[in-house]
Amino acid sequence: MVNCPVIDADGHVLEKEKYIRKYLEAPWDKRSTSLRTRDQPWDANLFDSFEMAVRWEDLSPTQQIDEWHAVMEREGMVHAICFPTGSGNVSKIQELDFALAVARACNTHFAKEFNALSDRVSCVGVLPLRDPKAAAEELRRGVTELGLKGFEILPMGLPMALGSTFYDPVYAEAEKLGAVIGIHGSRSNSHEIGAANLSTFAEVHSYAFTVGLLLQFTHVVCQGLPVRFPDLKLAFLEIGATWLPYYLDRLDEHWEKRAKHEMPLLKEKPSDLVRKSKMYFSLEAGESLLPEAINYLGAEHFLYASDIPHWDNEFPGNLHALRNHPRIADADKEKILYSNAKALFGL
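Residues numbered from 1 in each chain as written. Predicted model: local features only at pLDDT ≥ 70, side-chain atom pairs only at ≥ 80, totals over all residues. Heavy atoms only, no water.

Visitor: Residues and numbers for the pairing of strand 6 (residues 180-184), please.
Guide: Two faces, one strand: in a regular strand the side chains alternate between the faces of the sheet. Buried residues dominate strand 6, accounting for five of its five residues. The alternating pattern of strand 6 places Val180, Gly182 and His184 and Ile181 and Ile183 on opposite faces, both of which are buried. Both strand 5 (residues 150-153) and strand 6 contribute to a ladder of four bridges, which runs parallel. Residue pairing for strand 6: Phe151 is matched across the bridge by Ile181. Note that the unit made of strand 5, helix 6 (residues 168-177) and strand 6 has a crossover that is right-handed. Note: strand 6 against strand 7 (residues 233-237), five bridges, orientation parallel. In the strand pairing of strand 7, Gly182 is matched with Ala235. (Buried < 20%, exposed > 50% of the residue type's maximum accessible area, 1.4 Å probe, protein only. Helix = DSSP H or I, 4+ residues; strand = E, 2+ residues; numbered from the N terminus. Pairing = 2+ DSSP bridges. Right-handed = clockwise from strand over helix to strand, strands pointing away.)

Take a look at the structure:
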């Protein structure tokens, strides 16, 4: 067992529109429509049977910070990076001015009503990606004025896949400021990737998280985003890690046969590019081939994530399992539990 300090690289807060609305600027503060797009009425909490997820629904930002501090004290966490629950959907808003207003309100809310209450909990922000120039300006404001360490991007509902040069203003600003771009699994807009033909929440959740991130990872790698922006910090979150050996082998095969015409920026095979890049991946302690995946890519690319307080979190069991994993070296555990996230988020 390794007893190093722990940084949670992907926890969550449950932000509510009533708190975000306080930060809407005129004239948007007079608008009564929802601040986010809506999905199918899936029952994520399964008849309210997931106690933590249900209990957190009614907590204010202050109460959520108190809950986070209690968890951190109990389990030896020194910092938690918290991603929004729903606000990443700002990229789906088609009215560009409204999307920017909502993103600004969300980011100010995260900074003033969560981050300002704790030196150990850091919420990341969101960006209006349909307007890359405005998104880059908001990223700069978020980092330099609000102190945000990163930004969440959801994989569906985007105007272009994330390897596109369309987003280069955002990536250039993130690279310059050292901000993390966290591409986070989601089920929202899952009809875009074929999930409209599925029948249950379990099917949609299992499929959409995985396929959405695979789609964006494919484009990011094959379009050479780590080549164009070698110091850009990227994290792919909440689908585990053991897909990487299989999928990078597959990309390598296509690179060998087609790179000259279809991946011209890649002068080395995708797996080697990822190994050299500043790309990180959250993992699941219970993945049966986890040690093999870590050895394949290198422990320096992996992050621990609690997923608190969502219905599918396995905390604290996942933390205990990783600390006690019999087939992962203690030095690798220390990187995954602490050092990698410290470097990634500049803690």
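Visitor: I'd love a proper account of the environment of Phe98, names of residues and values included.
Guide: Mapped onto the elements of the fold, Phe98 is located in helix 4 (residues 96-113). Since its relative accessible area comes to 3%, Phe98 is described here as buried. A sequence separation of 113 residues divides Phe98 from Val211, and the C-alpha atoms of the two residues are 29 Å apart. Excluding residues that lie within four positions of it along the chain, Phe98 makes contacts with Trp28, Arg31, Thr33, Ser34, Leu35 and Ile93. (Contact = heavy atoms within 4.5 Å.)

Visitor: With reference to specific residues and values, describe the sheet that holds strand 9 (residues 302-303).
Guide: Pairing between the strands of a sheet comes from backbone hydrogen bonds, and it takes one of two forms, parallel or antiparallel. The six strands lie next to each other as 4-5-6-7-8-9, forming an open sheet whose pairing is parallel. The outermost strands of the open sheet, each flanked by one partner alone, are strand 4 (125-126) and strand 9.

Visitor: Please give an account of the state of the cysteines that cites residues and values.
Guide: Applying the stated rule across the entire model yields zero disulfides. Left without a disulfide partner, Cys82 is nearest to the cysteine sulfur of Cys123, which lies 5.2 Å away. The class for Cys82 is buried, based on a relative accessible area of 0%. (Disulfide = S-S within 2.5 Å.)

Visitor: Just give me the short version of the sheet that holds strand 3 (residues 121-123), but keep the residues and values in it.
Guide: One open sheet accounts for three strands, arranged 1-2-3; its pairing is parallel. Each edge of the sheet is formed by a strand with only one pairing partner; in this case those strands are strand 1 (6-12) and strand 3. Neighbour-to-neighbour, the strand axes of the sheet open up by a mean angle of 20 degrees, direction not taken into account. The sheet strands contacting helix 3 (residues 61-75) are strand 1, strand 2 (77-83) and strand 3, and the helix crosses strand 2 at an angle near 140 degrees. Packing of helix 13 (residues 330-345) onto the sheet brings it into contact with strand 1 and strand 2, and relative to strand 1 it is tilted by some 65 degrees. (Axes fitted to C-alpha atoms, helices over the stretch in contact; angles between N-to-C directions.)

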